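# A closer look at the structure
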Amino acid sequence: MYKFVCINNLLFHHKMDQIDPKNGYNTLTKTFHSLRPQVHLPPETTLFSVTDYVFSVLQPATNSLSTAITALIDSSTGHQLTYSQLTQQIKSLASYLYNVINLSTQDVAFILCSNSIKIPVLYFALLSLGVVVSPSNPINTESEISRQIDICKPVIAFATSSAAHKIPKLKYQTILVDSPEFDSMMSSSMHELDKVRVSQSDLAGILYSSGTTGKMKGVMVTHRNLIASVAGFFPDRESSTVVSLSPVPYFHVYGFCCCIASAAARETVVVMERFDLKKMLRAVEEFRITRIRVAPPVVVGIVKSKDITENYDLTSLERVASAGAPLGKEEIAAFRMKFPAVELWQVYGLTESTAGVFGARNPEESCRWGSVGRLSGNFEAKIVNPDTGEALPPGQQGELWVKGPTIMKGYIGDSESTSTCLLSDGWLRTGDLCYIDEEGFMFVVDRLKELIKYKAYQVAPAELEQLLHSHPEIIDAAVIPYPDEVAGEIPMAAVVKDPQSSLDERSIIDFVAKSVAPYKKIRRVAFVSSIPRNSAGKILRNDLKKKIVPN
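Residues numbered from 1 in each chain as written. Predicted model: local features only at pLDDT ≥ 70, side-chain atom pairs only at ≥ 80, totals over all residues. Heavy atoms only, no water.

### Points about the packing of aromatic side chains
Our working rule: What counts as a ring pair is set by centres within 6.5 Å for rings of Phe, Tyr and Trp (its six-membered ring), and what kind of pair is set by the plane angle: stacked under 30 degrees, edge-to-face over 60, tilted for all other angles. By definition, any uninterrupted DSSP run of H or I lasting at least four residues is a helix, any uninterrupted run of E lasting at least two residues is a strand, and each is numbered from the N terminus. Here's how the labels work: a residue is buried when its accessible area is under 20% of the maximum for its type, exposed when over 50%, partly exposed in between, all with a 1.4 Å probe on protein chains only. Charge-over-ring contacts are defined here by two conditions on Lys NZ or Arg CZ: a distance within 6 Å of the ring centre and an angle within 35 degrees of the ring normal.
Tallied over the entire structure, the rule returns eight aromatic pairs. Ring plane angle 75° and centroid distance 6.5 Å describe the contact between Phe158 and Phe182, whose orientation is recorded as edge-to-face. Here Phe158, found in strand 7 (residues 156-159), pairs with Phe182, found in helix 6 (residues 180-187); they are 24 residues apart in sequence, far enough to count as distant. Looking at Phe182, the relative accessible area reads 0%, which means it is buried. Measuring from centroid to centroid gives 4.9 Å for Tyr435 and Phe443, while their planes differ by 5°, and the two rings are stacked. For Phe443, a relative accessible area of 11% gives the class buried. We note Arg524 situated over the ring of Tyr482; from NZ or CZ to the ring centre the distance is 4.1 Å.

In structure tokens, the structure reads:
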């Protein structure tokens, strides 16, 4: 037995010896390992909801500074909640939902709300009871909501009064979050709540994704996934309170995780109901915001807006984090020129990975333009040749596979889609074409399924889009395939130009042709009023194709 253990230890250390200290690549296993410190997580067998975890981290602060630390601020009204008040409202609401409505562990709650300071209260209360949270975009159509409800099978819904009519009758009622009744639920102290037993392996959320197959699917996220995401979100606790603003919707995985993790980090969070560039900048000035978390189109919007630094005092801003899609080098350069004192961090993650897997962690890493950062603690990654299945070394492009404690449980009720992207040994196939360089920085080329097949070449739309965004007279752009009898597909640009611009199709084609190889050239242009995007800023290419490509 002793001899067997010794041999195993030797094999383990031999594998570790093969890891390149510059990039984490193991030449033996062809796997990239994180070079960051391991993130401490509670034992998996501990009965612990993500709410328990967050407030176990928060507790030392709330005991001594609860009246001084502001947790949430409504950007439009200025209404504030301290962490002490937040904690009390969560307990009151959880008690009401448990004792009066009789919600039980693993019941599903469907949430159809825009951002407000009530949503973190609702999320934490439901999660503390082991109720599964399934949030949706309130502007979704009734048919889209019906599909989501078929997927998650909720027993109760929470909605704003303007969206509640879209929800069918459920086992329990639809509760209006913007009503006096909900306010009283958050302030009632009539009901005691016994400790609810929640396992970390229990389902915590059902979030919606098109994944790699295009159809809508429900991503199953456990309490363990969220705990690991929160723990890795802020590996280094801030010594002073951060004032942050996140206009990303709370129903999206990015906003969902920020909502939970910000409380663990004792941030003061300024909440915007919906994104508006001028209102966001006004909030930065008014509340002296130090951190913003946004989708890439917001960064582009900031760069493209004229005289923005003259109209608002943004001197409090220290960092902008962008996630949802990669920013191009030209966009980053323009941002840095406009805001030389502000760090611009990029983060890479998916709904299926419960948010961030790669990211910048310091000013030096944020200067690697075009990269989405290095591998986060507790994660492994592979770059895999999509044709042969061979794992590739640094510098070579292939499909990114990731493995770690935040990876989803699977797609609810869809074993076929689950088995396609989530392998039995825990590897998640992301569907993204990427490479990791010699220093461990990851670069996203494009979605594998969005590559344009021009003759024998593959053209990445994202590369051309970043080039188009660099044109001073182009407000927004997207590139899609256009059918062609000779080439199979040709790159076509949909362009939103400045209203004062005289740009035409030929000038745009020539602008791109100067900077790319002949096979990558834009060969058609359509001028449009807007580019359809989802809540995280990703281009909805199928919607765009339906508008401008003939059947």
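### Quick notes on the side chain of Asp414
Condition: Should any heavy atoms of two residues lie within 4.5 Å, those residues are considered in contact.
Relative to the assigned elements, Asp414 resides in the loop between strand 20 (410-411) and helix 14 (415-421). Excluding residues within four positions of it along the chain, Asp414 makes contact with Lys215 and Lys217.

### Section: the pairing of strand 26 (residues 488-497)
Just so we agree on the cut-off: Strand pairing is assigned whenever DSSP identifies at least 2 bridges connecting the two strands.
The buried count for strand 26 comes to seven of ten residues, which makes it a mostly enclosed element. Note that strand 25 (residues 474-484) and strand 26 share ten bridges and pair antiparallel. Counterpart to Ala477 in the pairing with strand 26 is Val495. Counting the residues in the hairpin turn of strand 25 and strand 26 gives three residues.

### Thoughts on the state of the cysteines
Going by this rule: Note on terminology: pairs of cysteine sulfur atoms within 2.5 Å are recorded as disulfides.
Per the counting criterion, the structure on display carries zero disulfides. You can see Cys113 has no disulfide; the closest cysteine sulfur is in Cys259, sitting 12 Å from it. The cysteine Cys258 is free of any disulfide, with Cys257 supplying the nearest cysteine sulfur at 7.3 Å.

### Overview of the nonpolar core
Where we set the bar: Side-chain atoms within 4.5 Å link the members of a nonpolar core, which is a set of buried Ala, Val, Leu, Ile, Met, Phe, Trp, Tyr and Cys residues.
Counting 90 residues, the largest nonpolar core has Leu126, Phe158 and Phe358 as the members making the most contacts within it. When residues no more than four places from it in sequence are discounted, the contact partners of Leu126 are Leu97, Leu103, Ala109, Ile111, Val131, Val133 and Phe158. Core analysis: the second largest hydrophobic core is formed by 32 residues, Leu468, Ile474, Ala478 and Ala494 among them.

### Some details on helix 9 (residues 277-287)
The following threshold applies: Directions drawn from the helix axis to the C-beta atoms are what define this arc. Between N or O atoms, a polar contact is any pair within 3.5 Å; within protein, one atom must be a potential hydrogen donor and the other a potential acceptor, and residues adjacent in sequence are included only when both atoms are from side chains.
Buried residues of helix 9: Met280, Leu281, Ala283, Val284 and Phe287, and no others. Angularly, the buried residues of helix 9 cover 155° about the axis, an arc narrow enough to put them on a single face. Among the exposed residues of helix 9, those pointing more than 90 degrees away from its buried face are Lys278 and Glu286. Between the side-chain oxygen of the N-cap and the backbone nitrogen of Lys278 there are 3.2 Å, and the N-cap of helix 9 in question is Asp276. Where helix 9 terminates, the next one or two residues include Arg288, which has phi positive at roughly 55°.

### Here we look at the pattern of salt bridges
Where we set the bar: In the sections that follow, a salt bridge refers to a side-chain nitrogen of Lys or Arg positioned within 4 Å of a carboxyl oxygen of Asp or Glu.
Scanning all chains against the criterion turns up 19 salt bridges. Between Glu439 and Arg368 there is a salt bridge, with its nearest N and O atoms 3.1 Å apart. Note that Glu439 is positioned in the loop between strand 21 (428-436) and strand 22 (442-447) and Arg368 in the loop between helix 13 (363-366) and strand 17 (374-375), a separation of 71 residues in sequence.

### A few points about helix 4 (residues 118-128)
Along helix 4, eleven of the eleven residues are buried, which leaves the element largely enclosed by surrounding structure. The complete set of buried residues in helix 4 reads Lys118, Ile119, Pro120, Val121, Leu122, Tyr123, Phe124, Ala125, Leu126, Leu127 and Ser128.

### Focus on the sheet that holds strand 21
Spatially, 1-2-18-19-21-22 is the arrangement adopted by the six strands of the open sheet, whose pairing is antiparallel. The outermost strands of the open sheet, each flanked by one partner alone, are strand 1 (25-26) and strand 22. Where strand 1 lies against strand 2 (residues 31-33), two bridges are found, and the strand directions are antiparallel. Directly across from Asn26, in strand 2, lies its bridge partner Thr31.

### Here's the deal with the sheet that holds strand 13 (residues 291-294)
Inclusion rule: Helix axes are fitted to C-alpha atoms over the stretch in contact, other axes to C-alpha atoms as well, and angles between N-to-C directions run from 0 to 180 degrees.
Ordered by their spatial adjacency, nine strands build an open sheet running 4-3-12-11-13-14-15-16-17, and the pairing between neighbours is mixed. Two strands lie at the open edges of the sheet, namely strand 4 (80-82) and strand 17, each paired on one side alone. Sheet topology places strand 16 (residues 355-359) next to strand 17; two bridges connect them, and they run antiparallel. Of the residues in strand 17, the one forming a bridge with Gly359 is Arg374. Against the sheet, helix 3 (residues 83-99) engages strand 3 (70-74) and strand 4, with an angle of about 85° to strand 4.

### Digging into the environment of Leu193
Of note, Leu193 is situated in the loop between helix 6 and strand 9 (203-209). Each C-alpha atom, one on Leu193 and one on Val320, is 40 Å from the other, the two residues being 127 residues apart in sequence. Residues within four places of Leu193 in sequence aside, it is in contact with Ala94, Ser95, Tyr98 and Leu129.

### Some points on the packing of helix 7 (residues 223-233) against helix 8 (residues 253-264)
Quick note on the threshold: Note on angle classes: values under 35 degrees are labelled roughly parallel, values over 145 roughly antiparallel, values of 65 to 115 roughly perpendicular, and the remainder oblique. Handedness of a crossing follows from how the near helix is turned relative to the far one, being left-handed for an anticlockwise turn of less than a right angle and right-handed for a clockwise one. Ten residue types, Ala, Val, Leu, Ile, Met, Phe, Trp, Tyr, Cys and Pro, are classed as nonpolar, four, Asp, Glu, Lys and Arg, as charged, and the remainder, Gly among them, as polar.
In contact at an axis separation of 9 Å, helix 7 and helix 8 are set at 60° when each is read in the N-to-C sense. For the element pair helix 7 / helix 8, the angle class is oblique. Considering only the axes of helix 7 and helix 8, their crossing is right-handed. Here Leu226, Ser229, Val230 and Phe233 of helix 7 come into contact with helix 8, specifically with Phe256, Cys257, Cys258, Ile260, Ala261 and Ala264. Taken together, the residues that form the contact of helix 7 with helix 8 break down as nine nonpolar, one polar and no charged.

### Digging into unusual backbone geometry
Unusually for a residue other than glycine, Arg288 sits at a positive phi of about 55°. The topology assignment puts Arg288 in the loop between helix 9 and strand 13. Here the phi dihedral of Asn378 falls at roughly 75°; this positive angle occurs in a residue that is not glycine. Locating Asn378 in the fold gives a position in the loop between strand 17 and strand 18 (380-384). The exposure class of Asn378 is buried, given its relative accessible area of 18%.

### A word on the confidence of the model for the protein chain
Selection criterion: The predictor's confidence in any single residue is recorded as pLDDT, a number from 0 to 100.
Per-residue pLDDT for the protein chain has a mean of 88; in total, 93% of the residues score no lower than 70. Below pLDDT 50 for its whole length, residues 1-8 participates in zero contacts with residues either more than four positions away or in separate chains.

### Focus on the pairing of strand 3
Within strand 3, five of the five residues are buried, which leaves the element mostly enclosed by the surrounding structure. Judged from the three bridges that link them, strand 3 and strand 4 form a sheet pairing that is antiparallel. Across the sheet, residue Ile73 finds its bridge partner in strand 4, namely Gln80. In this sheet, strand 12 (residues 268-271) lies alongside strand 3 in parallel orientation, the contact comprising three bridges. Looking across to strand 12, one finds that Leu72 is bridged to Val269.

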